[in-house]
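Structural description and commentary
So the chains spell out like this:
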Amino acid sequence: MTTGLEHSAFLKAARGEAVPHTPVWFMRQAGRSLPEYLKVREGVGMLESCMNAELITEITLQPVRRYGVDAAIFFSDIVLPLKAVGVDLDIKPGVGPVVADPVCTLADVEAIPDLTPEHLPFITEAVRTLVGELAGINGGTPLIGFAGAPFTVASYLVEGGPSKEYAKTKAMMYGAPEVWDALMTKIAGISAAFLRVQVEAGASAIQLFDSWAGAVNRDDYVRFVQPWSARVLSSIGELGVPKIHFGVNSGELLDLMGEAGADIVGVDWRVRLADGIERIGPERGVQGNLDPTLVFAPTEVMTARAAEVIEAGRTARSHIFNLGHGVIPSTNPDQLARLTDFVHAYPLTDDR
């Protein structure tokens, strides 16, 4: 464990240990809704900002300074590692990642280079700087490393951009399994390398985002998705840091996502947290899962629902409070500050 973080509530919860308070952080807390983020991003493209160590550092620190959350999440994007190895893609405002030449064949897969630390000097520099800065905030704040899971990254490569149906992705899964397996193997290696660079530079935990895993059913998840997520998580498990796994619309997959190798499973807002805990089982902790739109409700409504989430979380091995998906761009930062304060002040009535 990183020196100086022995008392981190986030890391204690991630390891299933007793906590002084329910830890809280927010997916997409770095950016989106913060005026200070919008200011530093003026005139700077998304991928450009993700490859600038100074900007990465500043953006990652902004919500920690503003909210006093229990963890920082490394500012990046799930397609950044692909950009780093030379894939022709861009993140278009209002659209998302767009790939110039979608992957269709084995030759397309083989043309994608493997990721090495030499591709990512700006990541190593940013993480090292962040770890030093975070050590002096709130008695020491851990940094969560970040990567996209193979299925979600593959879907962008195959579809050429965002999709609602994932028709091309599933066509490859079902109709060209040898290409699919090669692509997932390639991306698993890239995602693992991306996380390893962050952890070896000082990140204290990681979260693997499989944002679109809910697009497949349980049987297809086991065959076409889980083995490669497990490969990424196993690789990082060797480094001894806690591992969080999160997906959207993943209520039917929660136990399987845990079995892929997670210590903590994120539950999205569509699932009652109590149900999610039952599905995940007693061996793993949970993260979540307040509906992100509740920050637009009156504060007393938001905090009442947050209390329900915290109470439900008591039955889990451990609970890290979060939203059930990322912060919505039009969120009022003051509401997130109130929510953070509420979660921190909420009494723990058991011995966790």
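Bear in mind that the values here come from a model prediction, so they are computed numbers and not experimental data. (Residues numbered from 1 in each chain as written. Predicted model: local features only at pLDDT ≥ 70, side-chain atom pairs only at ≥ 80, totals over all residues. Heavy atoms only, no water.)

Description of the overall build of the protein chain
For clarity, the threshold we go by: Note on conventions: DSSP H or I runs of at least 4 residues are helices, E runs of at least 2 residues are strands, and numbering of each starts at the N terminus. C-alpha atoms define the radius of gyration in this analysis, and the globule rule sets the expected value at 2.2 Å times the number of residues to the power 0.38. Three exposure classes are used, based on accessible area relative to the maximum for each residue type with a 1.4 Å probe and protein chains only: buried under 20%, partly exposed in between, and exposed over 50%. By the convention used here, residues are in contact when the closest approach between their heavy atoms is within 4.5 Å.
Scanning the protein chain from terminus to terminus reveals 15 helices and nine strands. Against the compact-globule benchmark of 20 Å for 352 residues, the protein chain has a radius of gyration of 19 Å, which places it among compact chains. Its C-alpha atoms put the protein chain at 55 × 40 × 40 Å along the principal axes. Relative to its full complement of 352 residues, the protein chain shows a buried share of 60%. Once local pairs closer than 6 in sequence are excluded, the contacts in the protein chain between residues at least 24 apart make up 74%.

Description of the pattern of salt bridges
Operational definition: Here, a salt bridge means any side-chain nitrogen of Lys or Arg that lies within 4 Å of a carboxyl oxygen of Asp or Glu.
Tallied over the full model, the rule gives 13 salt bridges. Put simply, D275 and R272 hold a salt bridge, and the shortest N to O gap is 2.9 Å. Each member of the salt-bridge network shares a partner with another, and the members are R196, E200 and E238.

A closer look at helix α13 (residues 273-280)
As a reminder of what qualifies: The arc in question is the one spanned by the directions pointing from the helix axis to the C-beta atoms.
Among the residues making up α13, those that are buried are L273, G276, I277 and I280. Burial along α13 is one-sided: seen end-on, the buried residues are contained in an arc of 100°. In this structure, the buried residues of α13 make contact with α12 (254-259), β7 (264-266), β8 (285-290), α14 (299-313) and β9 (319-323). Taken from the residues just after α13, G281 is the one with a positive phi, measuring 95°.

Focus: the packing of α13 against α14
Which entries qualify depends on this criterion: All axes are obtained by fitting lines to C-alpha atoms, using only the stretch in contact for helices, and the reported angles, taken between N-to-C directions, cover 0 to 180 degrees. Roughly parallel means an angle under 35 degrees; roughly antiparallel means over 145; roughly perpendicular covers 65 to 115; every other angle is labelled oblique. Working rule for handedness: look at the near helix, and if it is turned counterclockwise from the far one by less than a right angle, call the crossing left-handed; if clockwise, right-handed. Polar here means any residue outside two lists: the nonpolar Ala, Val, Leu, Ile, Met, Phe, Trp, Tyr, Cys and Pro, and the charged Asp, Glu, Lys and Arg; Gly therefore counts as polar.
Put simply, α13 and α14 touch, their axes get as near as 9 Å, and they point 25° apart. With respect to α14, the axis of α13 lies roughly parallel. Viewed along their axes, α13 and α14 form a crossing whose handedness is right-handed. Contact residues: L273, A274 and I277 in α13; V309, A312 and G313 in α14. Among the residues making up the contact of α13 with α14, the classes are represented as five nonpolar, one polar and no charged.

Here we look at the side chain of D268
Along the chain, D268 turns up in the loop between β7 and α13. In this view, D268 contacts F246, G247, V248, N249, S250, N289 and G324; residues no more than four positions away in its chain are not counted.

Examining unusual backbone geometry
Look at the link from G288 to N289: it is a cis peptide, with omega at -10°. A positive phi angle, near 55°, is found at Y166, a position not held by glycine. Here Y166 is to be found in the loop between α8 (150-159) and α9 (167-175). We note that N249 has phi near 55°; this positive angle belongs to a residue other than glycine. Summarising the element assignment, N249 is placed in the loop between β6 (243-247) and α12. By relative accessible area, N249 is classed as partly exposed at 45%.

Considerations on α8
Most of α8 is tucked away: 10 of the 10 residues are buried. By the burial criterion, the buried members of α8 are P150, F151, T152, V153, A154, S155, Y156, L157, V158 and E159. G160 lies just past α8 and shows a positive phi near 85°.

Focus: the pairing of strand β2 (residues 89-92)
For a regular strand, side chains alternate in direction, first toward one face of the sheet and then toward the other. As a reminder, the rule being used: Whether two strands pair depends on DSSP finding at least two bridges between them.
Taking every second residue as pointing to the same face, the buried face of β2 carries L89 and I91, while none of D90 and K92 on the other face is buried. Where β2 lies against strand β3 (residues 96-99), four bridges are found, and the strand directions are antiparallel. Across the sheet, the residue bridging to I91 is P97, located in β3. Between the end of β2 and the start of β3, which pair antiparallel, lie three residues, with G94 showing a positive phi angle near 80°.

Focus: the sheet that holds strand β5 (residues 205-210)
Strand order in the open sheet formed by seven strands is β1-β4-β5-β6-β7-β8-β9, with parallel pairing between adjacent strands. Strands at the two margins of the open sheet, each flanked by one partner only, are β1 (72-73) and β9. Bridge analysis of β6 against β7 gives two bridges, and the strand direction is parallel. For I244, the partnering residue across the bridge sits in β7 and is I264. Across the face of the sheet, helix α10 (residues 177-201) comes into contact with β4 (143-148) and β5 while running at roughly 165° to β4.

Observations regarding the packing of aromatic side chains
Selection criterion: In summary, the pairing rule links any two rings of Phe, Tyr or Trp, Trp by its six-membered ring, whose centres are within 6.5 Å, and it sorts them by plane angle into stacked for under 30 degrees, edge-to-face for over 60 and tilted for everything else.
A full pass over the atoms with the stated rule returns seven aromatic pairs. Ring centres of F26 and Y67 lie 6.3 Å apart, and the angle between their planes is 90°; this geometry places the pair in the edge-to-face category. Here F26, found in the loop between α1 (9-14) and α2 (35-40), pairs with Y67, found in helix α4 (residues 53-67); they are 41 residues apart in sequence, far enough to count as distant. The class of F26 is buried, set by a relative accessible area of 0%. Aromatic side chains Y174 and F224 sit 5.8 Å apart centroid to centroid with 80° between the ring planes, which places their arrangement in the edge-to-face category. Of this pair, Y174 sits in helix α9 while F224 sits in helix α11 (residues 218-237), placing them 50 residues apart in sequence. An aromatic cluster is defined as three or more aromatic residues linked by ring pairs; in this entry it consists of F146, F209 and F246.

Quick word on the nonpolar core
In plain terms, the rule: To define a nonpolar core, start from buried Ala, Val, Leu, Ile, Met, Phe, Trp, Tyr and Cys residues and group those joined through side-chain atoms within 4.5 Å.
Of all hydrophobic cores here, the largest spans 129 residues; its most connected members are I123, L183 and L339. Sort the elements by how many residues they give to this core and α10 lands first, with 14 residues.

Some thoughts on the environment of M27
Counting through the fold element by element, M27 comes out in the loop between α1 and α2. Each C-alpha atom, one on M27 and one on A307, is 19 Å from the other, the two residues being 280 residues apart in sequence. Beyond its immediate sequence surroundings of up to four residues, M27 is in contact with Q207, F209, F246, N322, L323, G324, H325, G326 and V327.

Purely geometric stuff here, so don't read any function into it on its own.
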